Amino acid sequence: MIAVLEDRFPVVTSVTEPIDGIIVLGGSVDQYASQSRNQIVLNNAAERLTTFVALARQFPKAKLVFTGGSGRLDQTYKEADTARKFFISMGLPQSRVVFEDQSRNTFENGVFTQRLVKPKASERWLLITSARHMPRSMGVFRHLGWNTIPYPVDYLTKGVDKVGLQFNLENGLGSLHSGMREWMGLAVYKLLDRTNEFFPGP
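Scope of this entry: the structure provided in the associated data block. This is a predicted model, so every value here is computed, not measured. (Residues numbered from 1 in each chain as written. Predicted model: local features only at pLDDT ≥ 70, side-chain atom pairs only at ≥ 80, totals over all residues. Heavy atoms only, no water.)

With that settled, the discussion passes to the overall build of the chain. Helix and strand content of the chain: seven helices and five strands. Ordered by position from N to C terminus, the α and β elements of the chain give α-β-α-α-β-α-β-α-β-α-β-α. C-alpha atoms of the chain, sized along the principal axes, occupy 45 × 45 × 35 Å. Looking at the chain residue by residue over its 202 residues, the buried ones come to 45%. Across the chain, every contact between residues at least 6 apart in sequence was considered, and the portion connecting residues at least 24 apart equals 74%. Looking at the chain as shown, the accessible area adds up to about 10900 Å², and 53% of this sits on carbon and sulfur atoms. Of the side chains in the chain, 24 bear a positive and 19 a negative charge, and the two mean positions are spaced by 4 Å. (Helix = DSSP H or I, 4+ residues; strand = E, 2+ residues; numbered from the N terminus. Buried < 20%, exposed > 50% of the residue type's maximum accessible area, 1.4 Å probe, protein only. Contact = heavy atoms within 4.5 Å. Areas by Shrake-Rupley, 256 points an atom, 1.4 Å probe, with all protein chains shown as cover. Lys, Arg positive; Asp, Glu negative; His and termini not counted. Charge placed at Lys NZ, Arg CZ, Asp CG, Glu CD.)

Our focus in this paragraph is the sheet that holds strand β3 (residues 97–100). Overall, parallel pairing links the five strands, which are arranged β3-β2-β1-β4-β5 in an open sheet. Of all the strands in the sheet, just β3 and β5 (149–153) have a single pairing partner and so form its edges. Taken over all neighbouring pairs, the strand axes of this sheet differ in orientation by 20° on average, direction set aside. For strand β4 (residues 125–130) and β5, the ladder comprises five bridges, and the chain directions are parallel. Residue pairing for β5: Ser130 is matched across the bridge by Val153. Packed onto the sheet, helix α3 (residues 47–58) meets β1 (21–25), β2 (63–67), β3, β4 and β5 and runs at close to 155° relative to β4. Together, β1, β4 and β5 form the strand contacts of helix α6 (residues 134–143), whose direction differs from that of β4 by roughly 145°. (Pairing = 2+ DSSP bridges. Axes fitted to C-alpha atoms, helices over the stretch in contact; angles between N-to-C directions.)

What follows is the structure, encoded as structure tokens:
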């Protein structure tokens, strides 16, 4: 379930200039634990943020956007607040980053970010998110008329052709949950007309 999603868009080995902007989707921090423990708490999708910082340094003139509020009913703490602290700790000036902190899901990530930055049709924007989440994310941005360049990260598998029989209950249940969530998300987003196709690809 996961490997098919992760293989949908190829691994990026190099990026051709110019790059006008870089977007990273939320989902890589625990803002509630961060607030409670008074330190930055990342989750297993931390590669989204570390890759964003690396690309920001590679393309110093690119516009930078973090998009992520809170998927909970309780909107007290926002992902963007914790992400801001992480970027500062990594030496990335917060003046370079635009923070979108109202979105609650992938669809709103796209809608609110587009309203915020008003991208031009000629601009080239990178979109960073977990590889398994990239098909749904690209579907949303394309549906909005924003043809971003996918930059998948945070892989959980080695690929479809390397999938073998394993016995690891904890990892297996985690992958099952993550995979079902994405496949269901793809179906629901298509039904709600949030994407133009069920399984967006290159």
